[in-house]
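Architecture at a glance
Residue strings, one per chain:
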Amino acid sequence: LTSQQYSVKSFAMSFIKHLVMRLTKPTLFTNMPVTCEDRDLPGDLFGRLMKEDPSTIKGAEALMLGEMLTLPQNFGNIFLGETFSSYISVHNDSTQEVKDILVKADLQTSSQRLNLSASNNTVTELKPESCIDDVIHHEVKEIGTHILVCAVSYTTQAGEKLYFRKFFKFQVLKPLDVKTKFYNAETDEVFLEAQIQNITTSPMFMEKVSLEPSMMYNVTELNTVETGDEGTSTFGKMSYLQPMDTRQYLYCLKPKSEFAEKAGVIKGVTVIGKLDIVWKTNLGEKGRLQTSQLQRMAPGYGDVRLSLEMIPDTVNLEEPFDITCKITNCSERTMDLVLEMCNTRSIHWCGVSGRQLGKVSPSASLSLPLKLLSSVQGLQSISGLRLTDTFLKRTYEYDDIAQVCVVCPYMSRES
Amino acid sequence: MDNNETPAQRPVTLDITGAVEVKPSLSEAPISPLPSLLPSSDVHFQEESIDLGGESFITPEEDSHSTPSESLMDKLNDQMMESVMISDSPNNSEEDDVVPMDNLLEQFEEREEEPAAAVFKETLVEEEEEVEEKMDDLIGQDTTEIKIEAAMMQTSPVASSPEEPENVKQKLTTDDQDVITVSVSAVTPEDSTPSSGSPKPEAAALEASSKETTSKDESIPVCTIFSQGSQPKAQALVPDGFQPTLIKSPSFSSSTGGSTEITPSQLAPLVCQPSPSLSKFFSDSGHVNPATDFFDSFTTSSFISISNPNAESPKSAAPPERQLSASSGSSLSTSGLTESGILTPSSFIGPTQTEATPRPLQQAPVEPAPATAPPQPFTQLQAVFSGGDDPFATALNMSEADKRYDAWLPSEETRKVLISMATQHYSQVFVERERLAMPGLKFDNLQGDAVKDLMVRLMGEQAAMKRQVLTANSVEQSFLGLKQLISTKNWRAAVDLTGRLLTAHGQGYGKAGQPSSHNTDSLQLWFVRLALLTKLSLFQNAEMELEPFGNLDQPDLYYEYYPTVYPGRRGSMVPFSMRVLHAELPQYLGKPQESLDRLHSMRTVCQTILDNLEQGLAEDGSMINLTQENRQASLQLWKSRLSRVMYAMANCLLMMKDYVLAVETYHSIVQYEPQQKVQLLSGIGRIFLQIGDIKTAEKYFLDVEKASLEKGSGTIDTCVLMNRAFIYLSQNNYSEAHSSFAEVLKIDPKNPVANNNAAVCLLYLGRLKESLRQLEGLVQQDPALYLHESVLFNLTTMYELESSRSTQKKQALLESVACREGDSFNTQCLKLV
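Since this is a predicted model, take the numbers as computed values, not measurements. (Residues numbered from 1 in each chain as written. Chains lettered and ligands numbered in written order. Predicted model: local features only at pLDDT ≥ 70, side-chain atom pairs only at ≥ 80, totals over all residues. Heavy atoms only, no water.)

Some thoughts on the overall build of chain A
The helix and strand inventory of chain A stands at four helices and 33 strands. Restricting to contacts in chain A with at least 6 residues of sequence separation, those with at least 24 account for 69%. Of the accessible surface of chain A, which amounts to about 17100 Å², a share of 50% is contributed by carbon and sulfur atoms. (Helix = DSSP H or I, 4+ residues; strand = E, 2+ residues; numbered from the N terminus. Contact = heavy atoms within 4.5 Å. Areas by Shrake-Rupley, 256 points an atom, 1.4 Å probe, with all protein chains shown as cover.)

Pasting the structure below:
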């Protein structure tokens, strides 16, 4: 039953060889300098051997990093966002010409199958000892198992149609760990801290880490220190990240004016933007990732928001100073507000407590100048404002609204 | 994505997009068993579908290959990508492939024999378990191929593993290449957890390999480096600079350890096993070595009395030879002079007549016992060397050059001992034994020639007969012979010869920890030996033998310790180069911090000596007047030494991947070696390229262009072109990179780097055949330049990619290597095992 089939099969097998090699970047050969001086026993021998060695740097033989390129020695690691490149060679090992060769390279991931071949055209004929070469590239977009499926079909001189496939399996790993943290400022600004950790095993040059803001925000990057014309990176001269090192990037987001005016509008979850990260490793091997949309829960202001529009940073002891509060009705109904001012140990409010502020409709706000003084030196927290909605008999307390630095004016004058 | 869980105030781990979680929506035909194959119309196809059922894949050709070939070691070292040829489909549209599982399983076992294909070197075997799980997930909805593969991964280990233990030896000796078994057998069932399982087979293989070697040549201790594959490949080929692409992620490290990182544990297999062969060495010639007895009794004391032989007769008029033999502890087997003046090995192992009486403890050897000993062979050897140990000669022309080269600043403690040696002429100075350097060989024989071994394995004894290299026996047993071995790149033989010469000096095998005296020549021999071991990447051996030398600061390593032998001579007997070697060694053994420590203290000494010289003092800070000429020469020497130390530091930092400091240090060398500015700046630029910082690299390359313009050569320097090529390469512009390398070749057609790099670029451009032709042509035309491991590695890699006949082509390379290269050739770059 089978002997004839064997021969057919084996015959077919020996026609064509199909080989694949991943093309990571080549590496620079390093040599190991072992030197001696002329008076030592080997005399100039070691020096001569090193000069004759083609991989050393002529004139600076003790320099370890050479210029000789060597091909990748193993598959290595591949990370999300990097480009998978591979050499595909189909070689006719037989003594006969074969015809109608079709080489296909597909990449099977856990979710899809991609065709990577540069051309899907059939090669009419392949002479003995000649080969079909193809270099394929693919930017890796998924984590996990990938299988490169290479298929070759061809026709022998005898007219047999033959076909075989090979599978090359590899894992795609995650290169970076990204953590974010939001800080809400007193104003409507939001600060984003992004911690980026290199979880590969080689150093990474961070070419670009930028925040692409959503339509509501403008962004300022706070990762350079302005010195003269050019800003210098806060990460020092060399912007590379060692394995397992983490770096903090800071961004300041300001709501665009059209959104900022509707203060009540920024509520709940908002989309801030996404981080765009470009890195490079050995000899410019490039990788690029974007995070998913970063989202932030806007701080809840309750029904009535009290924010400060004006406040001095330093005030004199026991001297009245002015602040301006802004009261915004964040609720869906109209409110009728009464303001009470309670003194604390250090803060003393000037003026009448319990005054009527009148009706405030939804999303409307009113400005409120207030006068107060501090009886204690140092950094003092302004507390003790109470707003009562007379419709619902609900009281809202506002403590630690802001801080002022209280100084004694006489001391400084004397000195 | 998950919109609901993004609280503002706590860190959130983000999903990285790209990992789109799309459910597989594949249009493949439903998985169905065999019947679906049958309706196929083509006759051949129908036959093939039945083929899947069994041994059908054994072809005559494959049969001959089917012996398990690779040693287990290689299997562990080589991370082969799984390349599995699964189905010869009856249909041309592979998406519709449906193959019965059972058939495939059996088929896979056959497939293992296929001398396959992939140049992929990595399987990620250790992930297999995990993969299986993932694969299980896939099986449900996914293509058949995956299902098949998952199944194969489960079965194949079972199929292959039971044979392994018995086959290890066989595998070591057979010559075939077998790719697939590699990945499969590494995952034996016991290996289910990579961390615990993987070391086992390695150990087994080691055992096997060492068994093999020991059985071959009895008790002669032979370094086991030649049991192929025991040396981690990548490590041998490239010390470290390579790592960026090679390193495994931490989760893989446990079982892929063999590949890249240099850690002591991985180097362990390289260690030569010490064995007490020397006594055999001696007894073979039918004589007892009385020196051993002498030391046995002598060393029971924890103090060694050192007396000044001048005590009774200052400036004794003893003939030089006599004194030398006395000072060297008379541990030598002192055979007569051979008339010819050329010493044969037997003269070393010859009898010792004189020293039969053990010396009493603590007794001041006022009158050295063997004063009447005939001249030793060793002293004769010394005559060949210009260093001149003749005490008279030294005393008479204690040259300025000696002073300059030997200068060193001992530690405070050592300095005190040396001062008391110099002052207390009439009493003994006791030096604790622990404070002396008592070196001895730690292993005996490196012997062997990997090239020849490989030829025997692959081409048979007959072909291997053609390979002739010099051995320790075939040269003059002297420094001349040693130099001959070194210059012909027979470093293994050279190491053996240093061993013999040191044995003759009484610092042979097993002598470590026993007192012996040093002289200029013995330390030069040690230096050469250790340098060669380092060159051969036998770092552990070098470390073992350096260990008795401590930090190279023991008092008996200074000339002042031997006032009679070296009257008036001062300074370090240890050559400066040996100190550099001593400092550099730990970095190759995974202890770069230690290297840095040592290098820093060397740098301090160099700096202090330079300061002394600049302040008008002698090197050691004494108030000796130096002529202007001598001062200049000394300043120059010590500046070059300082720069050598700085180079070592920068190299070490680079190895540690501390790029900031490495760049800084390389930068600082420019002030000492201004003529190397271009090379240094280019090197720094390449470091930035390695990190991936192309912009900064370009800045440095621009500086190089300026510097080379300053030199005013008019034409563009080759190194400027070379740098441009590297920039193009980093921008993935291989065709421009290729033309830049080609431009270098227009100026300097014989430039091996440009030639090799141009060929590498061709491969990345998809021009394999051209690239191969170019490299092959180079190797044939100018083997002296191109039989270099980096070029050969590239060439063999391309052979593997080109066709299944790579083995024959590699063997041809081996033959050309055999004609030219010495025993130190690293055969691993040929990838023949």
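Points about helix H35 (residues 734-747) of chain B
With 14 residues, H35(B) extends 20 Å from end C-alpha to end C-alpha; this agrees with the ideal 20 Å at 1.5 Å per step. Packed against the buried residues of H35(B) are strand E3 (65-70) of chain A together with helix H34 (718-730) and helix H36 (752-764) of chain B. (Expected span 1.5 Å × (residues − 1).)

So, the sheet that holds strand E27 (residues 347-350) of chain A
Residues and elements named next belong to chain A. Pairing in this open sheet of four strands is antiparallel, and the strands run E23-E25-E29-E27 from one edge to the other. Every interior strand has two partners, whereas the edge strands, strand E23 (304-310) and E27, have only one. Averaged over all neighbouring strand pairs, the angle between strand axes comes to 40 degrees, with direction disregarded. Two elements, E23 and strand E25 (residues 321-329), share six bridges in a ladder whose sense is antiparallel. What sits directly across from methionine 310, in E25, is threonine 324. (Pairing = 2+ DSSP bridges. Axes fitted to C-alpha atoms, helices over the stretch in contact; angles between N-to-C directions.)

Considering the sheet that holds strand E24 (residues 314-316) of chain A
Residue and element names in this part refer to chain A. Strand order in the open sheet formed by three strands is E24-E33-E30, with mixed pairing between adjacent strands. Edge strands, defined here as strands with exactly one partner in the open sheet, are E24 and strand E30 (378-382). Put simply, the sheet's adjacent strands are angled 40 degrees from each other on average, direction ignored. Alignment of E24 against strand E33 (residues 402-407), held across three bridges, turns out to be parallel. Counted as the bridge partner of threonine 314 is cysteine 405 from E33.

A few points about the UniProt feature "repeat: TPR" (unreviewed entry) in chain B
All names here are of chain B. Residues annotated by UniProt as "repeat: TPR" (unreviewed entry) correspond here to residues 643-676 and 718-751. Counting secondary structure, residues 643-676 comes out at 71% helix and 0% strand; the distance between its end C-alpha atoms is 11 Å. The annotated region residues 718-751 carries 79% helix and 0% strand content, and the separation between its end C-alpha atoms amounts to 9 Å. (UniProt positions renumbered as here; feature names shortened; annotations may be inferred.)

Description of the nonpolar core
By size, the foremost hydrophobic cluster in this structure holds 178 residues, and its most contacted members are Phe46(A), Ile486(B), Phe549(B), Met578(B), Trp638(B), Tyr666(B) and Leu763(B). When residues in this core are grouped by element, the largest group, 14 residues, is from helix H30 (residues 628-655) of chain B. Residues in contact with Met578(B), not counting those within four places in the same chain, are Leu523(B), Trp526(B), Phe527(B), Leu530(B), Leu546(B), Phe549(B) and Leu552(B). Among the nonpolar cores identified, the runner-up in size contains 52 residues, and Ile16(A), Phe164(A), Phe182(A) and Ile272(A) belong to it. (Core = buried A, V, L, I, M, F, W, Y, C linked by side-chain atoms within 4.5 Å. Buried < 20%, exposed > 50% of the residue type's maximum accessible area, 1.4 Å probe, protein only.)

Details of unusual backbone geometry
Even without a glycine there, the phi angle at Met244(A) is positive, about 70 degrees. Note that Met244(A) resides in the loop between strand E18 (240-241) and strand E19 (246-255). Overall, Met244(A) belongs to the partly exposed group, its relative accessible area being 46%. The phi dihedral of Leu552(B) is positive, around 60 degrees, even though this residue is not glycine. Assignment of secondary structure puts Leu552(B) in the loop between helix H27 (539-546) and helix H28 (576-588). On the basis of relative accessibility, which here comes to 1%, the residue Leu552(B) falls in the buried class.

Notes on the packing of aromatic side chains
Summed over the entire model, instances satisfying the criterion amount to 19 aromatic pairs over all chains. Measuring from ring centre to ring centre gives 5.3 Å for Phe75(A) and Phe170(A), while their planes differ by 40 degrees; the resulting arrangement is tilted. Of this pair, Phe75(A) sits in the loop between E3 and strand E4 (78-79) while Phe170(A) sits in strand E11 (residues 161-173); the two residues are 95 residues apart in sequence, bridging distant segments of the chain. An aromatic cluster is built from Tyr559(B), Tyr561(B), Tyr562(B) and Tyr566(B), whose rings are joined through pairwise contacts. In this structure, Arg529(B) packs its charged tip against the face of Phe443(B), placed 5.0 Å from the ring centre. Above the face of the Tyr559(B) ring, Arg569(B) is positioned so that its terminal group lies 4.0 Å from the ring centre. (Phe/Tyr/Trp six-rings, centres within 6.5 Å; stacked < 30°, edge-to-face > 60°. Lys NZ or Arg CZ within 6 Å of the ring centre and 35° of its normal.)

Topic: the environment of Lys58(A)
Mapping Lys58(A) onto the fold places it in the loop between helix H2 (45-52) and E3. By relative accessible area, Lys58(A) is classed as partly exposed at 41%. With residues up to four places along the chain from it excluded, the contact list for Lys58(A) reads Lys51(A), Asp53(A) and Gln679(B). A distance of 2.9 Å separates the side chain of Lys58(A) from the side chain of Thr56(A), its partner in a polar contact. (Polar contact = N/O pair within 3.5 Å; in protein donor to acceptor, adjacent residues only side chain to side chain.)

A word on the packing of H36(B) against helix H39 (residues 789-802) of chain B
Residues and elements named next belong to chain B. The N-to-C vectors of H36 and H39 enclose an angle of 25 degrees; their axes lie 11 Å apart at closest approach. For the element pair H36 / H39, the angle class is roughly parallel. Pair H36 / H39 crosses with left-handed handedness. Along its contact with H36, which presents Asn756, Ala759, Val760 and Leu763, the element H39 presents Val791, Asn794, Met798 and Leu801. Taken together, the residues of the contact of H36 with H39 sort by class into six nonpolar, two polar and no charged. (Parallel < 35°, antiparallel > 145°, perpendicular 65-115°, else oblique. Left-handed = near helix turned anticlockwise from the far one by under 90°. Nonpolar A, V, L, I, M, F, W, Y, C, P; charged D, E, K, R; others polar.)

So, the environment of Thr220(A)
Residues and elements named next belong to chain A. The residue threonine 220 is located in strand E15 (residues 217-221) in this model. A sequence separation of 29 residues divides threonine 220 from phenylalanine 191, and the C-alpha atoms of the two residues are 9.6 Å apart. Apart from the residues within four sequence positions on either side, threonine 220 is in contact with Leu250, Tyr251 and Cys252.

Re the side chain of Glu61(A)
Residues and elements named next belong to chain A. Within the secondary structure layout, glutamate 61 lies in the loop between H2 and E3. For the buried residue glutamate 61, which engages in no salt bridge, the nearest side chain bearing the opposite charge is lysine 51, 4.6 Å off. When sequence neighbours within four positions are dropped, the list of residues in contact with glutamate 61 reads Asn31, Pro33, Met50, Lys51 and Thr56. (Lys, Arg positive; Asp, Glu negative; His and termini not counted. Salt bridge = Lys/Arg side-chain N within 4 Å of Asp/Glu carboxyl O.)

Notes on the confidence of the model for chain A
For chain A, mean pLDDT is 85; residues scoring 70 or higher make up 91% of the total. Low pLDDT, under 50, characterises residues 1-12 of chain A; the predicted model gives this stretch 22 contacts beyond four residues in sequence or across chains. (pLDDT = per-residue confidence, 0-100.)

Here's the deal with helix H32 (residues 677-691) of chain B
Residue and element names in this part refer to chain B. Compared with the 21 Å implied by 1.5 Å per residue over 15 residues, the 21 Å span of H32 between its first and last C-alpha is a close match. Among the 15 residues of H32, 14 are classified as buried, and the element is accordingly described as predominantly covered. With its phi angle positive at about 110 degrees, glycine 692 sits one or two positions after the end of H32.

Considering the pattern of salt bridges
All names here are of chain A. The final tally for this structure, using the stated rule, is 38 salt bridges over all chains. We note a salt bridge from arginine 394 to aspartate 303, for which the minimum N-O separation is 3.2 Å. Of this pair, arginine 394 sits in strand E32 (residues 394-398) while aspartate 303 is found in the loop between strand E22 (294-297) and E23, placing the two residues 91 residues apart along the sequence. Its relative accessible area of 41% is what places arginine 394 among the partly exposed residues. Using a relative accessible area of 22% as the deciding quantity, one classes aspartate 303 as partly exposed. A salt bridge links aspartate 389 to arginine 333; its shortest N-O distance comes to 2.8 Å.

Things to note about the pairing of E33(A)
Residue and element names in this part refer to chain A. Burial along E33 is one-sided: the face carrying Ala402, Val404 and Val406 is buried and the face carrying Gln403, Cys405 and Val407 is not. Alignment of E30 against E33, held across five bridges, turns out to be antiparallel. Paired with leucine 379 across the two strands is cysteine 405, which belongs to E33.

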